[in-house]
Structure formats: C-alpha cells, structure tokens
Amino acid sequence: MIKPVLDHDFIPARVFNEEFLKTATRPFTVAVEREDSLVYRVDTFLGDDAAKNRLYAERLIKFLLWSAGGWKIMMGGDHDVYEYIKEAYTLEGLRAFDVDFWSTVYDHPFTVEEKDPADIPQSSVAPLPIGRHLDGCRVGFDAGGSDIKVASVVNGEVIFSQEIVWNPKITSDINYHYEQVRAAIELAASKMERCDAVGVSSAGVIVKSRPMQCSLFMAIPKDTLEQKESCRNIYLETGKKLGIPMVVANDGDIAALAASMALDTGGVMGIAMGTSEAAGYVDTDGHVTGWQNELAFAPVDYNTESLPDDWSGDYGVGAKYFSQDAVIKLAPAAGIELDENLTPAEKLKVVQGLLAEGHRGAEQIFETIGTYFGYSVAHYSCFYDIRHLQISGRVTSGRAGGIIIEKAREVLEAEYPDLAEKINMFLPDEYDRRIGQAVAAASLVAL
C-alpha cells in the first residue's frame, strides 16, 4: 500500500474490504430502499470475527445509504449484525444523524428489517429521462452558495450568460429566495423571443425536482410543514407562476452531465472539492441515475481515530478528505501554521499561495489528498461504473488539481492497473468552470 505522505494512519476502505473478504465465507445480503420502491442490493460475505463483521457491514451500509439514498435498510444472513445495525440506526443510536436526514428527505420513518436473503428485492433502477435536450429556447439556472449563474440557450447555442451575486445561506426571509430565483430566470428569458423550459442545477438532496434537504435554505425557519414545503417547492412554484416547464437536479449530477455532454459519452463521475465534497454520476447510457450521490458522508477511511465530520459526527467520510477541511487538517503536519481568525476559505487561499511559491509542505498536502483520492476512486468503482472522472472545485485551483490527479494516478497504476487503464481523470476547462453547469441544466427538460 502507498501511504499518504502526511497521513500514515490512513486505512483505505477498499484495502480493508479486500483483506476482510479473503477469509469471509458466510453469505450476507444487504439492501437499501428509496422512493418508488427502488432498491440497491449487495450480496457479500461475512467471516468469524463478530467485531470485524459489524465494522464491515456498518461501513458498507453507510456507503450504500449515502450513494443511492434510502429510508429502509434490509439485511439477511447474520442476526448479530442485524441487531447491531438496528440499534445504530435509531434517533438515539450511533447513526442518529443518518436516520434524521433520510427520514426527512423521504418523509418516511426510517426502518431496519431482517429478512431471508431470498426475500430481499433485487436491485432496481429508474434512470431519469432528463438532460441532453437543447432544442428550442431555454434557460439554464445554476444555484450556488454565493452566486447564481444563468444562461440563455437557443437550439444549443449560448446567447447570454451572467453571474448574479446572492447570499442564500444567511438570509432567513423566504421571499428573498423566491424573488432572486424569479428575477434571474426572467433576466435570462428576456434575452430570447420566448422561453420554452427552465432547467435548474441546485445544491441539496433532490427528489422529483424538490430539494428535500438543501444548505441554500438553511437560514429559513422550518418550524411548520408549510414552511418546509415552501422551501422544497421554491423552484417548481416559481416555474408554475411563470408558466414555464421546469426540472430540478442536484448540482453534482449536473456537473457530471455537463462533462458527459462535452465528452459525448457515459460512465462519467464528477467530484467537486470545495466547502465539502460534492459528487454526481451519469451512467454508461448517458442517464442521470436518480441516486443521491452524497459522497461527502460516505466512508473512505476506516481509521476510527480519524477526524470526525463536523455535521454528521462520523469518522473517515469524504467531506474531511476532499474539501478545504482536508487542506486545513493536514496543514500542521506540513509545517504550516494558519491563523485561527481566518475563515476556512481564507485558510485554503493561504495554503494555495504557498503552493504557488513552491512551498514543499503545501505540495505534500495536495499529494496526500491525491493519494486519498486514488484509493477512494478505487472504492467508488466498486459501486459505480466509472470511465471518466472530472474533479473541480476551489481545492483544485492552480497547481493543486494537477498534483491531486498525478498522485491518484500513481495509486491506481501501482495498486489497480485495470482501473488506471479504464478511468480517465481530468480537470474542466475555464468555460466548464464558469457556465458549463448552467448550460447542462438548460438541457434537462424534454419539450
């Protein structure tokens, strides 16, 4: 195994799993269920060590839940593991955050069931019929945490685009959000003779074009069901009032869709390394899968002593490895002292400034992230058929992105040569960075 230069305690998920499965012989089945009875099932094995069985099963279930999404866990083959998971996934248990999050997303009580493996449904998918539609006059809308990007697209050609500053995360008045969304759409629509459709790329967990959980609206009070529904319907209600068909998708999926459209191929994953880790995926047929792809909360490091995530409280999850938090946590080991009065974004800028000057410690930070990433890509590939992988986000700015990709490739070439040959890792060009997602969003609605 290749040790990350600044983190020799890193235990890659794939390395642990492969070692565990060498002696695991007892069949074990687990599945998660989400909306419309859609299921992601995995048939695997357990061994004779109860503690390792629990760890392996718990980390596997955690990954399935945060990749596909779900309100129900089903398992069969080991009663001890079932009891452990059942206790963990309660509002008082180890995974209370997950229970609260996913029961809110799906408006359904979170449940854990033990079944005969034969009675656990097989995997089922329902790729979303969205994207790649560029006929007519369309608006693409990309909602970020600090700006809105809109594009007017006529028969696939961008005739107007603009970035509009807004402050959604600190504004509690929901009318502000509705007004900003409406005004941006109307601005882009005014640049065309008509507007046939609006496609929205938004942060958050999106279910049927509704942001069920969304950081953009975190400041808005949600004390009542009516307030929650107002936030969830902000885009669709705006489209309805304007009389324009609208489809909303997660910004990670739109990033992957934009890359897929540019490459004219499928099997594309997009990973954005910024405030947190954002991910999206387009399958080998070129379709958005409908999975949630919240890989910021999916485990990549099985070192139980690793730094826990501030929000979920869990250890070893992607948010602490592929974000500005990763840069900050590695700074002391790199001999870099950061002013605690700086914001996380400002701390990242300090490190990237040192990188530009050739500071060896700063280089080692991004080399470490690259090693993390190589092993994590190998782990992701156990669940996603990845042919092309685009990384983006402020953490990849300047020399950093190239260093991350170089070290990730070194891992794949040394440890997983078949994946090194299969997966093309790349950075987006400046056009994709600025308005690519808004244009891909414009293509969501089929006229």
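See the structure above.
First, a word on what this report is: a plain description of the structure on this page. (Residues numbered from 1 in each chain as written. Predicted model: local features only at pLDDT ≥ 70, side-chain atom pairs only at ≥ 80, totals over all residues. Heavy atoms only, no water.)

## Thoughts on the packing of aromatic side chains
Per the stated rule, a full pass over the model turns up 29 aromatic pairs. Centre to centre, the rings of Y40 and W291 are 4.7 Å apart; their planes meet at 35°, and the pair counts as tilted. Of this pair, Y40 sits in strand β2 (residues 39–46) while W291 is found in the loop between β13 (277–282) and α9 (324–330), placing the two residues 251 residues apart along the sequence. With respect to burial, Y40 and W291 carry one shared label: buried. One aromatic cluster is present, formed by F10, Y321, F322, Y372, F373, Y375 and Y416 through successive ring pairs. (Phe/Tyr/Trp six-rings, centres within 6.5 Å; stacked < 30°, edge-to-face > 60°. Helix = DSSP H or I, 4+ residues; strand = E, 2+ residues; numbered from the N terminus. Buried < 20%, exposed > 50% of the residue type's maximum accessible area, 1.4 Å probe, protein only.)

## Overview of the nonpolar core
Core analysis: the biggest nonpolar cluster contains 92 residues, and I365, F366 and F373 have the highest contact counts within it. The biggest single contributor to this core is helix α11 (residues 360–380), with 10 residues. Non-local contacts of I365, meaning those with residues more than four positions away in its chain, are made with L6, V327, L330, A331, A334, I336 and V351. (Core = buried A, V, L, I, M, F, W, Y, C linked by side-chain atoms within 4.5 Å. Contact = heavy atoms within 4.5 Å.)

## Observations regarding the pairing of strand β12 (residues 268–273)
β12 sits mainly inside the fold: 5 of its 6 residues count as buried. Alignment of β12 against β13, held across 6 bridges, turns out to be antiparallel. Bridging from a neighbouring strand, A272 pairs with A278 of β13. The antiparallel hairpin formed by β12 and β13 contains 3 residues in its connecting segment. Two elements, β12 and strand β14 (residues 388–392), share 5 bridges in a ladder whose sense is parallel. Following the sheet pairing, G270 is matched in β14 by Q390. (Pairing = 2+ DSSP bridges.)

## So, the side chain of Q324
Here Q324 lies in helix α9. Assessed through its relative accessible area of 6%, Q324 is described here as buried. Non-local contacts of Q324, meaning those with residues more than four positions away in its chain, are made with G274, T275, P344, A345, L348, R394 and V395.

## What about the sheet that holds β2?
The strand order across the open sheet built from 4 strands is β2-β1-β3-β4, with neighbouring strands paired in mixed fashion. The strands lining the two open edges of the sheet, one partner per strand, are β2 and β4 (111–114). This sheet shows a mean twist of 15° between the axes of neighbouring strands, independent of strand direction. Relative to β4, strand β3 (residues 72–76) runs parallel, the two sharing 4 bridges. Bridge pairing links I73 to V112 in β4. Along the sheet, helix α2 (residues 50–68) makes contact with β1 (26–33), β2 and β3, crossing β2 at roughly 165°. (Axes fitted to C-alpha atoms, helices over the stretch in contact; angles between N-to-C directions.)

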